[in-house]
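For reference, the chains in residue letters:
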Amino acid sequence: MAGALLVLALLLAVLYHGIAVKLVTDWYELPDFSHGFLIPFFAVFLLWEKRRELERTPIAPSWSGVWLVALGLFVLMVGVLGADLFLQRTSFVLVVAGFVWTLLGRKMLGRVKFTLFVLLLAIPLPAVVFYQITFPLQILASKLASTLLPLAGVPVLREGNVIQLPAMQLEVAEACSGIRSLMSLFTVAVLYGYFLERKTWRRVVLALSALPIAVAANAARIFGTGLCVQYWDPVRALGFFHDFSGWLIFLVSLACLYLVHVAMRLVLREEGHRA
């Protein structure tokens, strides 16, 4: 069995070497997906944490997993022929899942399914999906900010993702859409939920809460930038403040995620006492 696993590992290395190199390059060059560097380490940690459970799981090889291997290889072929990096990368997870099922059994696959899901978080979204998400986020953030700014005495005129202030024009570009904080916060929420919650539905709630938190936080960032442009210094507002506020807002988002978790526990505890 060890020899077969080694051979398969070598075959996977040959098949996916170039794909893996390009993936790591994207993590480095695309700030929206820089959290990908953390995913492999977390996946290894998950396997290490479950090592006792995995050792107790009976090994039951099954030919039923071959279809999943074949599907993964088919997806890889389609991705290579169509020059689609997303398909090439997701095919790796399918192939690994198929090998686990075939060589170690369906129960073992069930034990590592969350680890395989975590690996998907490291894969950048396809461009079509990415831009379908980014543009609505730009518009939503622009609407929220342009609604809040007049409450602070700043008259605005919004056209799409462009907010016209008395001092200057403020454009909510793709980089300011909030997609970066959304992807990173969603990943953190998945990891946070895994460590601090045992029930699956609570983990799902925490992960989904990352969406409204990221949207609200990004709107707050644009709102703050608009205030700085109007009442402070436009150059500094779009320079130092813009860069610093990104980190600050992400920390605030993490705090909001924690508050959601605390509130969820308090509500459930209160319902438990009433019951």
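Residues numbered from 1 in each chain as written. Predicted model: local features only at pLDDT ≥ 70, side-chain atom pairs only at ≥ 80, totals over all residues. Heavy atoms only, no water.

Caption draft 1: Broad picture of helix α6 (residues 106-120). Between its terminal C-alpha atoms α6 stretches 20 Å, which fits the 21 Å expected from 15 residues at 1.5 Å a residue. Val112 marks the point of greatest bend in α6, at about 50°. Within the sequence span of α6, burial applies to Met108, Leu109, Val112, Thr115, Leu116 and Val118. Residues of α6 that are buried sit in contact with α2 (39-49), α3 (51-56) and α5 (85-104). (Helix = DSSP H or I, 4+ residues; strand = E, 2+ residues; numbered from the N terminus. Expected span 1.5 Å × (residues − 1). Bend = angle between axes of the 7 residues up to and from the residue. Buried < 20%, exposed > 50% of the residue type's maximum accessible area, 1.4 Å probe, protein only. Contact = heavy atoms within 4.5 Å.)

Caption draft 2: The pattern of salt bridges, seen in detail. Overall, the coordinates contain six salt bridges when judged by the stated rule. Between Arg89 and Asp26 there is a salt bridge whose closest N-O contact spans 2.7 Å. Linking Arg89 in helix α5 with Asp26 in helix α1 (residues 2-29), this pair joins segments that are 63 residues apart in sequence. The exposure class of Arg89 is buried, given its relative accessible area of 6%. Looking at Asp26, the relative accessible area reads 7%, which means it is buried. For the salt bridge of Glu55 with Arg52, the shortest nitrogen-to-oxygen distance reads 3.8 Å. Of this pair, Glu55 and Arg52 both sit in helix α3, separated by three residues, roughly a single helical turn. Owing to a relative accessible area of 59%, Glu55 belongs among the exposed residues under this scheme. Three or more residues are tied together by salt bridges with common partners; here these are Lys22, Asp26 and Arg89. (Salt bridge = Lys/Arg side-chain N within 4 Å of Asp/Glu carboxyl O.)

Caption draft 3: Examining the confidence of the model for the chain more closely. Taken as a whole, the chain shows an average pLDDT of 82; of its residues, 88% reach a score of 70 or greater. When mean pLDDT is compared element by element in the chain, helix α4 (residues 66-81) scores highest at 92, while strand β3 (residues 169-171) scores lowest at 72. (pLDDT = per-residue confidence, 0-100.)

Caption draft 4: Region of the structure containing the environment of Ala97. Within the secondary structure layout, Ala97 lies in helix α5. Under the relative-accessibility criterion, Ala97 is labelled buried at 8%. Separated by eleven residues in the primary sequence, Ala97 and Met108 have C-alpha atoms spaced 9.8 Å apart. Residues within four places of Ala97 in sequence aside, it is in contact with Leu68, Leu109 and Leu116.

Caption draft 5: Representation of the packing of aromatic side chains. Using the criterion set out here, one finds ten aromatic pairs in the structure. With a centroid separation of 5.5 Å and an interplanar angle of 50°, the aromatic rings of Phe45 and Phe195 are classed as tilted. One end of the pair, Phe45, is in helix α2; the other, Phe195, is in helix α8 (residues 179-196), with 150 residues separating them in the sequence. Residues Phe114 and Phe117 carry aromatic rings whose centres are separated by 6.2 Å and whose planes lie at 35° to one another, so their mutual orientation is tilted. (Phe/Tyr/Trp six-rings, centres within 6.5 Å; stacked < 30°, edge-to-face > 60°.)

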